[in-house]
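Tertiary structure, described
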Amino acid sequence: MSATFLSSEFFHNYKRNLSAIAGSAILLAFTVIVLAGPLFVAQNPYDVAQLDLLDSYKPPVWLEGGDARFLLGTDGQGRGVLAGILYGTRVSVMIGVSAMVMSCLVGTTLGLLAGFYGGRLDAAIMRIADIQLSFPSMLIALFLMSAFGTGIDKVLIALTAVGWVVYARTVRGSTLSEVQKEYVQAARVAGLRDGKIIRRHVLPNVLTPLIVVATVQVGSFILIEASLSFLGVGVPITEPSLGLLIKNGFDVLFSGLWWTSVFPGLFIMALVFGINLFGDFLRDELNPRLK
Amino acid sequence: MTAMLQVDDLRQEFRIGGSMLDRMRFTDGRLRFPDRRVQAVNGVSFAIERGEVLALVGESGCGKSTVAKTIARIYRPSGGSIRIDGEDISRHGVREMLPVRAKMQMIFQDPFASLNPRQRVRDIVAEPLLEQTKGRAARREVADKTLALLARVGLNTEHAGRYPHQFSGGQRQRIGIARALSVNPGLIIADEPVSALDVSIQAQILNLMMDLRDEFGLAYLFISHDLAVVHHIADRIGVMYLGFLVETAPRDRLFSAPRHPYTRALLSAAPSIEKTRPREEIELSGEVPSALDLPSGCCFRTRCPLAFERCKVERPTLRDTGGGQQVACHLVDEPERDIQ
Amino acid sequence: MANDMTVADALLSVEDLRTWFHTFSGTVKAVNGVSFSLKPGEIMGLVGESGGGKSVVGFSILGLIDPPGRIEGGRILFNGEDLVTAGEPRLRQIRGRDIAMVFQDPMTSLNPLRTVGEQMDEMLRLHTELDARARRERCIRMLEDVGISRAAERLASYPHQFSGGMRQRVVIAIAMLAEPKLVIADEPTTALDVTIQAQILKLMRHQIREHGASMVLVTHDLAVVSEMADHITVLYCGKVVERGPTDDVIRRPAHPYTRGLIDSIPNPEHRTARLSQIPGAVPDIRKLPKGCTFRERCPRAAAICAQSEPALTLAGERAFACHFPLQEGEIR
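What you see is a predicted model, and the numbers here were worked out from it, not measured in a lab. (Residues numbered from 1 in each chain as written. Chains lettered and ligands numbered in written order. Predicted model: local features only at pLDDT ≥ 70, side-chain atom pairs only at ≥ 80, totals over all residues. Heavy atoms only, no water.)

1. Let's talk about the overall build of chain A
- Across its full length, chain A carries twelve helices and zero strands.
- Along its sequence from the N terminus, chain A presents helices and strands in the succession α-α-α-α-α-α-α-α-α-α-α-α.
- Along the three orthogonal principal directions, the C-alpha set of chain A runs to about 75 × 50 × 30 Å.
- Counting across all 291 residues of chain A, residues that qualify as buried make up 47%.
- Restricting to contacts in chain A with at least 6 residues of sequence separation, those with at least 24 account for 69%.
- For chain A, the exposed area adds up to about 14000 Å²; of that, 68% sits on carbon and sulfur atoms.
- Put simply, chain A has 21 plus and 19 minus side-chain charges, and the middle of one group is 13 Å from the middle of the other. (Helix = DSSP H or I, 4+ residues; strand = E, 2+ residues; numbered from the N terminus. Buried < 20%, exposed > 50% of the residue type's maximum accessible area, 1.4 Å probe, protein only. Contact = heavy atoms within 4.5 Å. Areas by Shrake-Rupley, 256 points an atom, 1.4 Å probe, with all protein chains shown as cover. Lys, Arg positive; Asp, Glu negative; His and termini not counted. Charge placed at Lys NZ, Arg CZ, Asp CG, Glu CD.)

Here's what the structure looks like:
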């Protein structure tokens, strides 16, 4: 299995694509952060007992007044910026990935139903999708968050409400073309019921294009969540994501205490950049039309 | 004894025009959603006896594939009856169709699109049979039968775990045949089963189908546009044009004494490597009219070199001309108008 | 040379053409040593099954091989000029004016966004010195010639407003506009119904003869070739296996592959219970067997066929590549 992968065309192209390698290297680094982040720092930034106000607003270690315990400096509560980032990345990535999975489930289901049955069901689902697309996704998310209130679960619901459309449209399109194919007719002749035809025959054949959509979406979800948190309607203060860290630092940004918000910002940028680089490579590789 | 398949006055129309938004029209001060209907099949009747091969020929858009897929109940007919073994299945739902599926199976045209690319060959072949069998004990038997079928259609049973893309076009068509055979059907509907294949492979598949027919006593409804192929495989041939059956006859009679001008034109248009055959030259001008807007009277009159006044006003029905031949043409009543 | 003539006589002379495609999974030698030649006014049928390389020959002549494909060797002499080394600017001059093309799907050669009249006019502007009025008259006459009624009105129509058969007529009209010396037709009637096919074939034959042009007719259909072509070249796995005057080859094939192809066509004149078939399938062109590429499917194969690849043997107007060619009257 691994031998066939290493000699596959996919891997061959990957090896020769610098941005794909850079993208996956960044993603790998962030995977390590998400899985093992707390091991790199002594301090748990959410344990009040480990905080000391005497450590507040220490600059990064290479500046004058830096403290070796806080590589990237500290914030107003004496919380290490690096520690905050490592814990915050977990929250950001967790929200991005879970919201992507939920959007994918909802969108794929609706897209399959719309494409398979057509008619009024299709018209209804797709018109809702059109309406959804005619509003900026930030606006919808903002509206929903101010209606529901803050909280990770609310953020997930808001992101799913924004994100399902792209899956529904992609899946509906592929379903329409798959249903025309004779293997679906063959499944009917074999006596399968609709549900089984959809699950066994249509679904596996419409998933490939979703990989690209899903990858890129994680990046955009992380950004939307950051924006929501920055505006104060995202995650609660007890579980700060990267976006909330930026917001917290933003208040003191112009007092010369730049590190508290610039470093989380750089991390978000690197993360989304890596995701997009890898997503572009996947798009080129998995798109049969470009082959 | 009842016929394997008996089709009476089969009709099929399709709605076109897309979604409600596409169809929206504002006429006479009211919002309307008119839909246009294509008459794909216009009252086709025929029967197939056990072990018989009936071929339907015609050009694209003549409705031959729609007839096949409607009989296989991929589509629900809009009119007429379809009897399998005497049982009318034209209104059956998915559940009621299941036992019928064990009597009737189908082979498809496109060896690439007719097999799910994500299924293993053994799962593809076993699928119809698994729907028919309940309970785990039968699984083992299904697996054994699948391998036997693959061997019977000339495939290496060691390849049962492979995916369709690892096979050539001819081999895929064999997989499709094995799938159809899995439930021991009495009737197989074959929709252009060899037209996507190279000629040397086409001969292999035709031979296999003929062997299986002898071995299992199969009846075929064989759809094709290729007269040479049809002549080889069919006992009886029906010629379709614009959703109508215009002539049916036993094979040899249709080739030696075709009556309908369209049949004659088809026969004279088919290219052949034998230049010796004396040919009646009936050349057609123009192209098939749209099925959205059928001509009045005889459907063929717009291209028929022999059409006359009556063809415009009266639609000819199939009538017996002896020897098992039926023709839908006014020339049968007025033979003096024919070129002889 | 091919048909016992010198290169100077030939309008087109393809010599040892090799066109390969360098793909990830190996080099596909789609055309691997193909030679034939064509006199002015002649129709040559290039036949074979899928994977035979017949379309690639057509595209090579037109200089339309894109990476990963490459012409690796050989010459394509057109009027004595080698097209392989001619370069793209020169090929652009030749394409359309001297060599025209007709493809299977008319929609690929017609621009869907421009009217038929505009596309015909462009052809004439590129390749002739005619003024606007003369060009328009020429276009109308050409459309009438290919059997399109109300030609003046139809000039303003877009390709999708024509049916499949009519579209192919338009393509033929465009192809013949600049009075080309050579037409490459790649499966021109494969997508059409048999009654329309008969019309188009008749039209093509008439147009070619009337304009004194030559044609390379690429097709999988032996019956079409036998009705259209003067000469026939049979390809298998990128190589010529047999070549000669059409009637001669069809009536007395020398190569077992040609024989097999002819015999696998069901023949309404002599119906047999079973068709004679060529066993097996075309081998993977990246992993061709050593020796004769047809030997694994050949009823006559012997030890030598596995060891040495048969060279193309010339015999008068005919040529074949087989160690054990069929003799006249011999059935397999």
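Having seen it, we continue.
2. Brief notes about the overall build of chain B
- Helix and strand counts for chain B come out as eleven helices and 14 strands.
- Taken over the C-alpha trace, chain B has a radius of gyration of 22 Å; the compact-globule value for 340 residues is 20 Å, and the two agree within 12%.
- C-alpha extents for chain B along the principal axes are approximately 65 × 65 × 40 Å.
- Relative to all contacts within chain B whose residues are 6 or more apart in sequence, the contacts with residues 24 or more apart total 65%.
- For chain B, the accessible area works out to roughly 14300 Å², and carbon and sulfur atoms hold 49% of it. (Rg over C-alpha atoms; globule rule 2.2 N^0.38 Å.)

3. Points about unusual backbone geometry
- Look at the link from Pro67 of chain C to Pro68 of chain C: it is a cis peptide, with omega at 5 degrees.
- Within the fold, Pro68 of chain C resides in the loop between α1 (54-62) and β4 (69-78).
- Positive phi outside glycine occurs at Asp85 of chain B, with the angle close to 55 degrees.
- The phi torsion at Cys237 of chain C lies on the positive side, around 50 degrees, for a residue other than glycine.

4. Here we look at the state of the cysteines
Residue and element names in this part refer to chain B.
- Scanning the entire structure with this criterion turns up zero disulfides over all chains.
- Cys299 supplies the cysteine sulfur nearest to Cys62, a cysteine that is in no disulfide, at a spacing of 10 Å.
- Cys298 provides the cysteine sulfur closest to Cys299, a residue in no disulfide bond, and the two sulfurs are 4.8 Å apart. (Disulfide = S-S within 2.5 Å.)

5. As for the sheet that holds strand β1 (residues 12-23) of chain C
All names here are of chain C.
- The sheet built from four strands is open, its strands ordered β2-β1-β4-β5 with antiparallel pairing. On the outer flanks of this sheet lie β2 (26-38) and β5 (81-82), each paired with one strand and no other.
- Each of β1, β2 and β4 is contacted by α1, which is oriented at about 110 degrees to β1, the strand it contacts most. (Pairing = 2+ DSSP bridges. Axes fitted to C-alpha atoms, helices over the stretch in contact; angles between N-to-C directions.)

6. Description of the domain arrangement of chain B
All names here are of chain B.
- According to the domain assignment, chain B consists of domain 1 (1-15 + 37-234) and domain 2 (258-340).
- If you look at the interface, domain 1 gives seven residues, while domain 2 gives nine residues.
- Both sides of the domain 1 and domain 2 interface together cover about 690 Å² of buried area, and 67% of this is carbon and sulfur.
- The largest contributions to the domain 1 side of the interface with domain 2 come from Val38, Glu59 and Leu227, which together make up 57% of the buried area.
- Here domain 1 is connected to domain 2 by one salt bridge.
- For Glu59, the salt bridge identified is with Arg303, shortest N-O distance 3.6 Å.
- Connecting domain 1 to domain 2 are one residue pair in polar contact (both at pLDDT 80 or more).
- Examining the composition of the side of domain 1 that touches domain 2, we find that four residues originate from one element, strand β4 (residues 36-48), more than from any other.
- The class makeup of the residues in the side of domain 1 that touches domain 2 is two nonpolar, three polar and two charged. (Domains from an automatic or database assignment. Buried area = accessible area lost by both parts, 1.4 Å probe. Salt bridge = Lys/Arg side-chain N within 4 Å of Asp/Glu carboxyl O. Polar contact = N/O pair within 3.5 Å; in protein donor to acceptor, adjacent residues only side chain to side chain. Nonpolar A, V, L, I, M, F, W, Y, C, P; charged D, E, K, R; others polar.)

7. Observations concerning the environment of Val53 of chain B
Residues and elements named next belong to chain B.
- Relative to the assigned elements, Val53 resides in strand β5 (residues 53-57).
- For the pair Val53 and Asp235, spaced 182 residues apart in sequence, the C-alpha to C-alpha distance is 5.2 Å.
- If near-sequence neighbours (up to four positions away) are discounted, Val53 is found in contact with Arg213, Tyr220, Phe222, Ile233, Ala234, Asp235 and Arg236.

8. So, a nonpolar patch on the surface
- Nonpolar side chains collect at one region of the surface, where Val61, Trp62, Leu63, Leu71, Trp258, Val262, Leu266 and Met269 of chain A lie side by side and expose about 720 Å² of accessible area between them.
- Looking at where Met269 of chain A falls in the secondary structure, it is placed in helix α12 (residues 259-286). (Patch = residues over 30% accessible without salt bridge, like charges linked within 9 Å, V, L, I, M, F, W, Y side chains within 5 Å.)

9. Examining the sheet that holds strand β7 (residues 87-88) of chain B
Residues and elements named next belong to chain B.
- In space, the four strands of this open sheet follow the order β4-β1-β6-β7, with antiparallel pairing throughout. Each edge of the sheet is formed by a strand with only one pairing partner; in this case those strands are β4 and β7.
- Looking at chain direction, strand β6 (residues 79-84) and β7 are connected through two bridges and run antiparallel. From the neighbouring strand, Ile84 faces β7, where its bridge partner is Glu87.
- Relative to strand β1 (residues 5-16), helix α2 (residues 64-71) is tilted by about 110 degrees, and along the sheet it contacts β1, β4 and β6.

10. Here we look at the interface of chain C and chain B
- On the chain B side, the residues contacting the 42 residues of chain C number 37 residues.
- Of the roughly 3400 Å² buried at the junction of chain C and chain B (both faces included), carbon and sulfur atoms supply 53%.
- Our count for the contact surface shared by chain C and chain B stands at one salt bridge.
- Across the salt bridge formed by Arg274 of chain C and Asp211 of chain B, the nearest N and O atoms sit 2.6 Å from each other.
- Across the contact surface, chain C and chain B share 16 residue pairs in polar contact (both at pLDDT 80 or more).

11. Focus on the pairing of β4 of chain C
Residue and element names in this part refer to chain C.
- As defined by bridge partners, β1 adjoins β4 across eight bridges and the pair is classed as antiparallel. Looking at the pairing, Thr19 lines up with Ile71 of β4.
- Between β4 and β5, which follow one another and run antiparallel, lie two residues, and Asn79 among them has a positive phi close to 55 degrees.

12. Digging into the side chain of His260 of chain B
All names here are of chain B.
- On the secondary structure map, His260 appears in the loop between α9 (251-256) and α10 (261-269).
- What makes His260 buried here is its relative accessible area of 1%.
- Within polar-contact distance, the side chain of His260 engages the backbone nitrogen of Tyr262 at 3.0 Å.
- Other than its neighbours up to four places away in sequence, His260 contacts Val246, Glu247, Phe300, Val327, Ala328 and Cys329.

13. Section: the nonpolar core
- Within the largest apolar cluster, 70 residues are counted, with the highest numbers of intra-cluster contacts made by Ile177, Met209 and Phe222 of chain B.
- Looking at this core element by element, the count peaks at eight residues for helix α7 (residues 199-216) of chain B.
- Contact partners of Phe222 of chain B, with chain neighbours within four places excluded, come to Val53, Leu54, Ala55, Leu56, Ala190, Pro193, Leu206, Met209, Val229 and Ile233 of chain B.
- Cys104, Met145, Ala190 and Leu244 of chain A belong to the second-largest nonpolar core, a separate cluster that totals 62 residues. (Core = buried A, V, L, I, M, F, W, Y, C linked by side-chain atoms within 4.5 Å.)

14. Notes on the packing of aromatic side chains
- Summed over all chains, the structure comprises 19 aromatic pairs over all chains.
- Residues Phe230 of chain A and Phe250 of chain A carry aromatic rings whose centres are separated by 5.2 Å and whose planes lie at 75 degrees to one another, so their mutual orientation is edge-to-face. Taken as a pair, Phe230 of chain A in helix α10 (residues 208-230) and Phe250 of chain A in helix α11 (residues 242-250) lie far apart in primary sequence, 20 residues in all.
- Here Phe230 of chain A falls in the partly exposed class, since its relative accessible area comes to 31%.
- Pairing Tyr236 of chain C with Tyr257 of chain C gives two aromatic rings, centres 4.5 Å apart and planes at 50 degrees, and the pair type is tilted. Here Tyr257 of chain C lies in helix α11 (residues 256-264) and Tyr236 of chain C lies in strand β9 (residues 231-236), a separation of 21 residues in the sequence. In this structure, Tyr236 of chain C and Tyr257 of chain C share a single accessibility class: buried.
- Pairwise contacts between aromatic rings join Phe10, Phe11, Tyr14, Phe278 and Phe281 of chain A into one cluster.
- Here the basic side chain of Arg337 of chain B rests over the ring of Phe308 of chain B, its NZ or CZ set 4.1 Å away from the ring centre.
- Stacked on the ring of Trp20 of chain C, the Lys or Arg Lys29 of chain C has its end atom at 4.6 Å from the ring centre. (Phe/Tyr/Trp six-rings, centres within 6.5 Å; stacked < 30°, edge-to-face > 60°. Lys NZ or Arg CZ within 6 Å of the ring centre and 35° of its normal.)

15. Some details on the packing of helix α5 (residues 132-145) of chain C against helix α7 (residues 164-177) of chain C
Residue and element names in this part refer to chain C.
- Taken N-terminus to C-terminus, the directions of α5 and α7 make an angle of 130 degrees; their axes are 9 Å apart at the nearest point. The angle between α5 and α7 falls in the class oblique. When you trace α5 past α7, the crossing you get is right-handed. Mapping the contact onto sequence places Arg138, Cys139, Met142 and Leu143 in α5 and Val170, Ala173, Met176 and Leu177 in α7.
- Along the lines of polarity and charge, the residues of the contact of α5 with α7 split into seven nonpolar, no polar and one charged. (Parallel < 35°, antiparallel > 145°, perpendicular 65-115°, else oblique. Left-handed = near helix turned anticlockwise from the far one by under 90°.)

16. As for α7 of chain C
All names here are of chain C.
- With 14 residues, α7 extends 20 Å between its outermost C-alpha atoms, agreeing within 8% with the 20 Å of an ideal straight helix rising 1.5 Å per residue.
- With twelve of 14 residues buried, α7 is to be regarded as a mostly interior element.
- Contact partners of the buried residues in α7: β6 (99-102), α3 (106-109), α4 (116-127), α5, β7 (182-186) and α8 (194-211).
- Phi turns positive, to about 50 degrees, at Glu179, one or two residues after α7. (Expected span 1.5 Å × (residues − 1).)

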